[in-house]
Amino acid sequence: MTSTAPQVGKQRRKNRGALGNTGLYVAVGVAALLFLIPFYLIFRNALSTDPEITGENWKLLPSFQWGNISELFDDPTVEFGRSMFNSLVVAVLTTLGTLLVCSLAGYGLARIPYKHANKVFYAVLATLMVPTAVTFVPSFVLVSSLGWVDTYRGLIIPGLFSGFTCFLFRQYFLGFPKELEEAARVDGLGYWGAYWRIVVPNSLNFFAAIATITFISAWNSFLWPLVIGQDPSSWTVQIALSSFMTNQTVNFHLIFMATAVSILPLVFVFLFLQRWLVQGIAQTGIKG
Amino acid sequence: MSTTTTRGVAQPAPAKVSKTRPRRGLRGNPTLNFWLFTGPFLFGLAIFVFVPIGWSVWLSFFDARYTVTPSHFTGFENYKQILTNSEFPDSLLTFTVFAAFIVPTTWALSLGLALLVNRLRFMRAFFRSVFFLPTAVSYVAAALIWKMSIFSGVRFGLANTVLGWFGVDNIAYLSNPSPPWYWLVIVSLRLWIQSGFYMILFLAALQNIPAELYEAAAIDGAKPGWQTFRHITLPQLRATSTAVILLLLVAAYQAFDEFFNIVGQKATWAQTPLMELYKTALGTSQDYGAGSAGAVILSLLICLVTLLQGKFMGFGRGEDK
């Protein structure tokens, strides 16, 4: 609130606030420390030897066993590299596909006059009421009857048609300045041309935000890949991690290294794309 | 889910076709273009969303073990079976309690963090990032850390190490349902992952509160702190709070990932509704009929909770400002 506080109150606040400010920063600092502990533990344990993880003499810093990385990827009993690759393929294609399919539909619903557009829109809204996780049984049945179990198709395609993402795009396009498109249309572009040459290039921020959110949820999704990935060769990284928890043969340092490797790409995505992410989430209309 | 306060209402704006511009054959035909744009999405939505939902409802009335093309209509047998002969009702009850607990705590923590971060003058972006960062971590990865490092029952677990400093004996957090320490593990994990995301929503809403409101309140003699918070901030956050609580409720009933990985399927406690459905439909019994009946029940329950929440919180009331 300080930032939006009236100028008049500022001086008074300053005099009063020296102590309060320290308290504020202590509180935030302690909370931040608590939030960072799990990250610290992952990387500490990932670079330790097993005795350092489970032993009595617990040290703050590990002995930095960088060899753990190659050991993880060379381990023939665990197809970890394969599952990382699977996750990458699934997350990238899911993101691109969702952006394409949902943005087009969102634009159509927001901008193209058609007399039944309302009905179509309500049909899309209705899907938001049914929790997607609940339909995994019939979805599995459907996908397996298509013969898509253990395939990229099965992992990717059913996830592309998100009613929620389409809804977000529609809301966004409703707020897109109409004048720009109209000018383009007067100049002779059809809807399709106006969309690709005017609307998309001017909406890259929003696309980036949705892309980040979609990528993260695709990378982190668990239930659907668990249902679809029957064969280890089609496991995503989350399924591989989960199998470590029940598999007794894998060592602690490898489990933690695998966890670290699985979250590192996202942490980078997060830190670099944060601006869009925060903007996007604040803008997307989730905020009520 | 609702719309942004400024932008949308739930109605497509029928863009008027400019009268000055001559129609240019197919390119300008709105109906054709509408289907060109929305067609691929609607086709996929029909196949991968509507068909599974319809199939689910249909299967729930048939005897469908080991088969998904059932022939034997059984009416409400599957519903009777899953509500009497399984752990499913227990899991629904457990998760109502879980929701009643996790929703207010996440709400309070994310709002608290947002208020703190919003008051910072230096390093605001840094602290915001720190609290937001766990959103990037999957429930599976977090479950690993929680289960094998923080709350592992032996001495090397962080929690027990800290307790050890105070002379407290090791606690077996996960291997024993009584006392139910496993809830501490699950709830702390969920708070850690979820709060940052909702903090961002609250931050956005806080920054949209007009400063004049606080000035006016100050002139009227409201003391900064609790009074201002109670009478200005909280009411102004009503729309966001409603949305946050709704999202949290739905997420609580759909819990799966961390329970599956921390508690496991073999345990008899803390089984989430989705885990029960997973076991029923994809486990050894392969009972798609009963699984579908359970899915229908769970969907209806989530819708009911959503509508009830709407009734109490005035869902959507904040939209037409």
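Here is what the cut-offs are and how they apply
Residues numbered from 1 in each chain as written. Chains lettered and ligands numbered in written order. Predicted model: local features only at pLDDT ≥ 70, side-chain atom pairs only at ≥ 80, totals over all residues. Heavy atoms only, no water. Helix = DSSP H or I, 4+ residues; strand = E, 2+ residues; numbered from the N terminus. Buried < 20%, exposed > 50% of the residue type's maximum accessible area, 1.4 Å probe, protein only. Contact = heavy atoms within 4.5 Å. Areas by Shrake-Rupley, 256 points an atom, 1.4 Å probe, with all protein chains shown as cover. Phe/Tyr/Trp six-rings, centres within 6.5 Å; stacked < 30°, edge-to-face > 60°. Lys NZ or Arg CZ within 6 Å of the ring centre and 35° of its normal. Patch = residues over 30% accessible without salt bridge, like charges linked within 9 Å, V, L, I, M, F, W, Y side chains within 5 Å. Salt bridge = Lys/Arg side-chain N within 4 Å of Asp/Glu carboxyl O. pLDDT = per-residue confidence, 0-100. Buried area = accessible area lost by both parts, 1.4 Å probe. Polar contact = N/O pair within 3.5 Å; in protein donor to acceptor, adjacent residues only side chain to side chain. Nonpolar A, V, L, I, M, F, W, Y, C, P; charged D, E, K, R; others polar. Axes fitted to C-alpha atoms, helices over the stretch in contact; angles between N-to-C directions. Parallel < 35°, antiparallel > 145°, perpendicular 65-115°, else oblique. Left-handed = near helix turned anticlockwise from the far one by under 90°.

**Looking at the overall build of chain B**
Along its length, chain B carries 14 helices and zero strands. Counting from the amino terminus, chain B carries its helices and strands in the arrangement α-α-α-α-α-α-α-α-α-α-α-α-α-α. Counting all 321 residues of chain B, 54% fall into the buried class. Across chain B, contacts joining residues at least 24 apart in sequence account for 65% of those joining residues at least 6 apart. Carbon and sulfur atoms make up 66% of the accessible area of chain B, which totals about 14,800 Å².

**Some points on the packing of aromatic side chains**
Where two aromatic rings form a pair, the distance of their centres and the angle of their planes describe that pair. In total, this model carries 54 aromatic pairs over all chains according to the counting rule given. Judged by centre distance (5.8 Å) and plane angle (85°), the rings of B:F260 and B:Y278 are edge-to-face. Of the two residues, B:F260 is situated in helix α12 (residues 257-262) and B:Y278 in helix α13 (residues 273-282); the sequence distance between them amounts to 18 residues. Each member of the pair, B:F260 as well as B:Y278, carries the same accessibility label: buried. Of the aromatic side chains, those joined through ring pairs into one cluster are A:Y107, A:F169, A:Y172, A:F173, A:F176, A:W192, A:Y195, A:W196, A:F206, A:F207 and B:F37. When the ring centre of A:F121 is taken as reference, the NZ or CZ atom of A:R170 above it lies at 3.7 Å. A cation sits over an aromatic face here: A:R185 above A:Y191, 3.9 Å from the ring centre.

**Let's talk about a nonpolar patch on the surface**
Together, A:Y40, A:L60, A:L61, A:F64, A:W66, A:I69 and A:F73 make up a nonpolar patch on the protein surface, roughly 730 Å² of accessible area in all. Along the chain, the position of A:F73 falls in helix α3 (residues 67-74).

**A closer look at the confidence of the model for chain B**
All names here are of chain B. Per-residue pLDDT for chain B averages 83, and the proportion of residues at 70 or more is 89%. Averaged pLDDT values over the elements of chain B bottom out at 62 in helix α1 (residues 25-28) and peak at 92 in helix α4 (residues 88-119). Segment residues 1-13: pLDDT under 50, and 43 contacts once partners within four positions in sequence are set aside and those in other chains are kept. Of the regions scoring below 50 in pLDDT, residues 16-20 engages in three contacts with residues more than four places distant in sequence or in other chains. Scoring the predicted complex yields pTM 0.84 and, for the interface, ipTM 0.85.

**Thoughts on the interface of chain B and chain A**
Each partner contributes residues to the interface: chain B has 109 residues there, and chain A has 117 residues. Roughly 10,500 Å² is buried in total at the junction of chain B and chain A, and carbon and sulfur atoms are behind 76% of that figure. The interface formed by chain B and chain A holds zero salt bridges in total. Seen at the junction of chain B and chain A, the total is eight residue pairs in polar contact (both at pLDDT 80 or more). At 22 residues, helix α2 (residues 30-59) of chain B tops the list of elements feeding residues into the side of chain B that touches chain A. Across the side of chain B that touches chain A, the residue classes break down as 71 nonpolar, 25 polar and 13 charged.

**Comments concerning the confidence of the model for chain A**
Residue and element names in this part refer to chain A. Looking at chain A, pLDDT values average 84 and 89% of them are 70 or higher. Looking across chain A, the model is least confident in helix α1 (residues 8-46), with a mean pLDDT of 79, and most confident in helix α4 (residues 80-111), with 95. Below a pLDDT of 50 lies the segment residues 1-9, which in the model reaches 13 contacts outside its immediate sequence neighbourhood of four places, other chains included.

**Description of the packing of α13(B) against helix α14 (residues 288-313) of chain B**
Residues and elements named next belong to chain B. For the pair α13 and α14, interaxial distance at closest approach is 7 Å and the crossing angle is 160°. In terms of their interaxial angle, α13 and α14 are classed as roughly antiparallel. When the axes of α13 and α14 are compared, the crossing they make is left-handed. Touching P273, L274, L277, T280, A281 and L282 of α13 are Y288, A290, G291, G294, A295 and L298, all from α14. Partitioned by chemical class, the residues of the contact of α13 with α14 number nine nonpolar, three polar and no charged.

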